[in-house]
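# Fold and geometry: a report
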Amino acid sequence: MKNLGLLATLKAKPGKENEVQEFIKGAVELARKEDKTLTWYSFKIDSNTFGIFDTFETEAGRDAHLHGDIAKALMANADRLLSVPPDIKKIEILSSK
């Protein structure tokens, strides 16, 4: 059951909006390789704010994702692409369909 999640919001630096958008769109390929990541979504909130939402069955799966290739790539590019550090929150899913 997907009862754990992560919600990350990313604020792009001026002029880096398209690059951030393409980065998170392309990250789905890495997410597909993570067997403990149940669902993974990237989305756009406004012109310079983007997000990632993913779900997990276990804390081990969530921790594996937090230390995986997507997180490593995001942190390696954060200073260049983002105006503030990524806001990553661990969440508990109360209900889903």
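Scope of this entry: the structure provided in the associated data block. (Residues numbered from 1 in each chain as written. Predicted model: local features only at pLDDT ≥ 70, side-chain atom pairs only at ≥ 80, totals over all residues. Heavy atoms only, no water.)

Take the layout of surface pockets next. A water-sized probe rolled over the atoms picks out the places where empty space is left. What the largest pocket holds in volume is close to 180 Å³. As for the largest pocket, its lining consists of L6, A8, I52, D54, H65, L66, I70, A71, L74, M75 and I88. Contributions of two or more residues to the lining of the largest pocket are made by β1 (4–11), β3 (49–56), α3 (59–66) and α4 (69–81). A per-element tally of the lining of the largest pocket places α4 first, with four residues. Residue classes in the lining of the largest pocket are distributed as nine nonpolar, one polar and one charged. (1 Å grid on protein atoms, 1.4 Å probe; cavity = no way out; pocket = protein on both sides within 12 Å on 5 of 7 lines; lining within 4 Å. Points joined across faces, edges and corners; volume = space filled by probe spheres on them. Helix = DSSP H or I, 4+ residues; strand = E, 2+ residues; numbered from the N terminus. Nonpolar A, V, L, I, M, F, W, Y, C, P; charged D, E, K, R; others polar.)

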